[in-house]
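# Close look at the chain arrangement
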Amino acid sequence: MGIGPLIKQIEADTGLAPSALGLLITMPVIAFGAVSPLAAPLARRFGLERVLAFSLWLVVLGVVLRSLPGTAWLFVGAGLLGAGIAVGNVLVPAVIRRDFPGRIGTMTSLFVTTLAGVAAVGAGLAVPLAGALGWRLALAVWAVPAALAGLWWLLVSRGSGVAAGAAVPPPSARAPVSIWRSPLAWQVSLFMGLQSLAFYVLVAWLPSLLQDAGLSAAAAGTYAFFYQVACLSGSLLAPLVAARASGQSRHAVAASALSLVGFIGLAGPAPSLIWILLGGLGSGASLALSLAFFSLRTHNPLQTASLSGMAQSVGYSLAALGPVGFGLLHDATGGWQVPLAALWVLVGLQCWAGAVAGRARRI
């Protein structure tokens, strides 16, 4: 449902400046950071199923508004779309914790792989659909699968027979009010944030970095595609392996170190595809592990939702700053060495955060 592949068409049709287009692309990430903390309180008040159904209809509304004539609707729709996705991203780990406590790794792997797979399909179909329907209708068609999913969750929420007042668990099962004061919650949040920052930096700047290193635009695009494929592979495998262990410190450190090795390789005079693949594997594995931590480090589904909301708020706030800061460092220094060195330091800090967040403890 992203607008990235259609950005040139949107620019030509609307006349938006590059800075405005950059804000439009970043709007969903900003919404992720702002809305994520609200998901757990809503789930405690109304129940997981009802809030998930609401989040999907918010996505439908955002997709439809984003496709209406006028540039203002682009931004309004992108914000609502991001808000709906944020709520869903926070609460799905809680559903996994509640319904599949013995298969957290498998279901987290399925969740992350589905997210990445649908995003890849959307990116691949965007240009052909825009050629056949125009870019506005190409964006609007994604309201259909979101509406179908929303109908499903409406049926699930009604079938559960849970009244709004009964959605609040007894005090012993509630998420602690002081979760933002928990050192472990901050360690998980920091790991989530640092891996998100590194991922979004590479997604935003990898093609430019590779072209400045001498690759053609086509080759740089191919390398960026392989980075996404490697991310998908890492996110598929990591939870399946890590969830079987009582602690995941070594898995988080290994995934972060793999990212670090790949990113260090990018500083060479002729970046090789092997560094792209290593960095992608590490990034994908780190993302999947951070999502698995929401369930593995908590006692009950609503505590999972609270940790998920906190970690994703911190994570996506950092992620929104990453590409901007990376670009500013490049502009200030006239090259990629200093920005890459800063990224290496942050991924090194991610290794530490993964080591402490991955210990066999619960909040």
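Keep in mind that this is a model prediction, so the values were computed, not measured.

Turning next to the overall build of the chain. From N to C terminus, the chain includes 13 helices and 0 strands. Walking the chain from its N terminus toward its C terminus, one meets helices and strands in the order α-α-α-α-α-α-α-α-α-α-α-α-α. For the chain, the C-alpha radius of gyration of 20 Å lies close to 21 Å, the compact-globule estimate for 363 residues. Dimensions of the chain, computed from the C-alpha atoms along their principal axes, are close to 60 × 50 × 30 Å. With 363 residues in all, the chain has 49% of them scored as buried.

Right, let's get into a nonpolar patch on the surface. A cluster of nonpolar residues, W57, V144, L148 and L151, forms a patch on the protein surface that exposes about 380 Å² of accessible area. Ranked by residue count, the leading element in the nonpolar patch is helix 7 (residues 143-160), at 3 residues. Within the secondary structure, V144 is located in helix 7.

This brings us to the nonpolar core. Core analysis: the biggest nonpolar cluster contains 51 residues, and L91, V188, L289, F294 and L307 have the highest contact counts within it. Excluding residues that lie within four positions of it along the chain, L307 makes contacts with I179, A185, V188, F293, F294, R297, T298 and I363.

Another aspect to go through is helix 8 (residues 183-212). Compared with the 44 Å implied by 1.5 Å per residue over 30 residues, the 41 Å span of helix 8 between its first and last C-alpha is a close match. Considering bend angle alone, the principal kink of helix 8 is centred on W205 and spans about 55°; proline P207 follows within four residues of it. Just beyond helix 8, the residue with positive phi is G214, at close to 115°.

Before going further, it helps to examine the side chain of Q350. For Q350, the location among the structural elements is in helix 13 (residues 337-357). A polar side-chain atom of Q350 sits 3.0 Å from a polar atom in the side chain of S256. Those residues within four positions of Q350 in sequence are excluded, and the remaining contacts are F191, L194, Q195, S256 and S286.

The interhelical angle for the contact between helix 3 (residues 48-66) and helix 4 (residues 71-99), taken along N-to-C directions, is 155°, at an axis separation of 7 Å. By the angle between their directions, the pair helix 3 and helix 4 is classed as roughly antiparallel. Here the hand of the crossing between helix 3 and helix 4 comes out left-handed. Of the residues belonging to the contact of helix 3 with helix 4, the class tally is 21 nonpolar, 5 polar and 3 charged.

Where helix 11 (residues 273-296) meets helix 12 (residues 301-333), the closest approach of the two axes is 8 Å, and the angle between their N-to-C directions is 145°. The interaxial crossing formed by helix 11 with helix 12 has right-handed handedness. Taken together, the residues of helix 12 that come into contact with helix 11 (itself represented by F293, F294 and S295) are T304, L307, S308, A311 and Q312. When its residues are assigned to classes, the contact of helix 11 with helix 12 shows 4 nonpolar, 4 polar and no charged.

Scoring rules and cut-offs
Residues numbered from 1 in each chain as written. Predicted model: local features only at pLDDT ≥ 70, side-chain atom pairs only at ≥ 80, totals over all residues. Heavy atoms only, no water. Helix = DSSP H or I, 4+ residues; strand = E, 2+ residues; numbered from the N terminus. Rg over C-alpha atoms; globule rule 2.2 N^0.38 Å. Buried < 20%, exposed > 50% of the residue type's maximum accessible area, 1.4 Å probe, protein only. Patch = residues over 30% accessible without salt bridge, like charges linked within 9 Å, V, L, I, M, F, W, Y side chains within 5 Å. Areas by Shrake-Rupley, 256 points an atom, 1.4 Å probe, with all protein chains shown as cover. Salt bridge = Lys/Arg side-chain N within 4 Å of Asp/Glu carboxyl O. Core = buried A, V, L, I, M, F, W, Y, C linked by side-chain atoms within 4.5 Å. Contact = heavy atoms within 4.5 Å. Expected span 1.5 Å × (residues − 1). Bend = angle between axes of the 7 residues up to and from the residue. Polar contact = N/O pair within 3.5 Å; in protein donor to acceptor, adjacent residues only side chain to side chain. Axes fitted to C-alpha atoms, helices over the stretch in contact; angles between N-to-C directions. Parallel < 35°, antiparallel > 145°, perpendicular 65-115°, else oblique. Left-handed = near helix turned anticlockwise from the far one by under 90°. Nonpolar A, V, L, I, M, F, W, Y, C, P; charged D, E, K, R; others polar.

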